[in-house]
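Remarks on the overall topology
Spelled out, the chains give:
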There are 2 protein chains.
Amino acid sequence: MRNSLADVVAAALRVLGEHGLEFCSMRRVAAELGVQPSALYHHVPDKQTLLALMADEIVRGVGIGIGDPRRLCVDLRRALLAVRDGADVVATAAAFRLGASEIEDRLAALVGADGARTLLLYTFGHAQSTQTRLQALAFGVLADPAPSASPTPLGATVSPGSPADAEAELDASYGRGLDIILAGLRASSALGTMEDSGLR
Amino acid sequence: MRNSLADVVAAALRVLGEHGLEFCSMRRVAAELGVQPSALYHHVPDKQTLLALMADEIVRGVGIGIGDPRRLCVDLRRALLAVRDGADVVATAAAFRLGASEIEDRLAALVGADGARTLLLYTFGHAQSTQTRLQALAFGVLADPAPSASPTPLGATVSPGSPADAEAELDASYGRGLDIILAGLRASSALGTMEDSGLR
DNA sequence: ACCTGAACACCGTTCAAGT
DNA sequence: ACCTGAACACCGTTCAAGT
């Protein structure tokens, strides 16, 4: 045997990390393996399936042994941001396989199905926004050298300041939104609407 | 003159509605106008810009004269779901132009910047999930004729039941998540953390 | 089991040239 | 101002054939 399915997924993640989702084509993954494009179809039925396997790998081991919903979300976000365009890959795959994820089940056990869904969608959306924004910043697309009437970016309450601490502000922004949702879950469970658990 | 920018955007929205985002290529939009692909580049610098203009059109007029954050979100969701793949188009464009949207500004005036961001990301994410899911249902991909150990779909607390009322359950699912976030905003503003307004 | 080689039906974008 | 025609450098996927 020459390449296994795991080799293909690993190569795809390498291409993703080095070139981004836009250039993570079947042909480039094949080239990364030193193989013809058609060879990939021996391991995987189509590109969508390969992306789903990559998503599984990206979130593998997230929140193991974490019983606190807030820390679980923060850990998921960390995993999404750890690889280039990771949030996009996982969010797209999750849109098809929603409910099939282990993370959602664990979150649902802590805060209920509605709370889990709300937390996950928020976490995916914010992580996607974060990666898009940081990448644009790195490319200088959002250089914004006119500090006069700059529109307030989503997630930044004040002006972005130096490019380096934009990430810190995005982290804080995520945390504040997370706290809003968790406060809402506490309020709802206090009203007896939800199964109350894990919200101390 | 033969075609205006507005004609191009209108044609693109027609292609989107009839064939979906996957097949909404520059070449197909050109064919819809009876024109060569290269002709589009007289009106628009690239495809990304065209998608952004389509997004603007999809959300145009959303929440006009609506002072209640909940109704504003519901109205936005209605607009996203009104056109095929509308949530995808708007969410992708919004990821680049976050904060530049009028809707976000209006929402921010009602519930603060953090609340606005949280509500928007949740609304985009849930609408994307809804459209993906309903389309898969229509194609029979999620036919799921084995009612035994079916995994619980994200957004469905119970089994999907008949295909027709899946949409109603998704609407209700969206509403419950929305109420969680709004309850969190009320709790936070009661703590004096947020500027309190519009949350009665 | 894993891969090659060749093909099919597409993409986005550029650019000289036409009217 | 708006468009054509032709080209460039790509896509995902299929399929017979090789080892």
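Bear in mind the structure is a predicted one, so any value in this text is a computation, not a measurement.

1. Description of the packing of aromatic side chains
Residues and elements named next belong to chain B. All chains considered together, the criterion is met by 2 aromatic pairs over all chains. Each ring, one from tyrosine 122 and one from tyrosine 174, has its centre 5.3 Å from the other, and the planes form 5 degrees; the classification is stacked. In this pair, tyrosine 122 is assigned in helix α6 (residues 102–139) and tyrosine 174 in helix α7 (residues 166–190), connecting sequence segments 52 residues apart. For tyrosine 122, a relative accessible area of 0% gives the class buried. Overall, the relative accessible area of 3% leaves tyrosine 174 in the buried class.

2. Considering the protein's contact with DNA strand D
Residues in contact with DNA strand D amount to 18 residues; listed here are only the nearest, A:Arg27, A:Tyr41, B:Gln36, B:Ser38 and B:His43. A share of 57% is what sugar and phosphate atoms reach among the atoms of DNA strand D within 4 Å of the protein. Take A:Met26: an N or O atom from its main chain is 3.0 Å from a phosphate oxygen of DNA strand D. Within the side chain of B:His43, an N or O atom sits 2.8 Å from a phosphate oxygen of DNA strand D. For the surface near DNA strand D, the element with the highest residue contribution is helix α2 (residues 26–33) of chain A, accounting for 3 residues.

3. Let's talk about unusual backbone geometry
In this structure, A:Asp85 is a non-glycine residue whose phi angle is positive, near 60 degrees. With respect to the element layout, A:Asp85 can be found in the loop between α4 (69–82) and α5 (86–97).

The rules behind each value
- Residues numbered from 1 in each chain as written.
- Chains lettered and ligands numbered in written order.
- Predicted model: local features only at pLDDT ≥ 70, side-chain atom pairs only at ≥ 80, totals over all residues.
- Heavy atoms only, no water.
- Phe/Tyr/Trp six-rings, centres within 6.5 Å; stacked < 30°, edge-to-face > 60°.
- Helix = DSSP H or I, 4+ residues; strand = E, 2+ residues; numbered from the N terminus.
- Buried < 20%, exposed > 50% of the residue type's maximum accessible area, 1.4 Å probe, protein only.
- Near = heavy atom within 4 Å.
- Polar contact = N/O pair within 3.5 Å; in protein donor to acceptor, adjacent residues only side chain to side chain.

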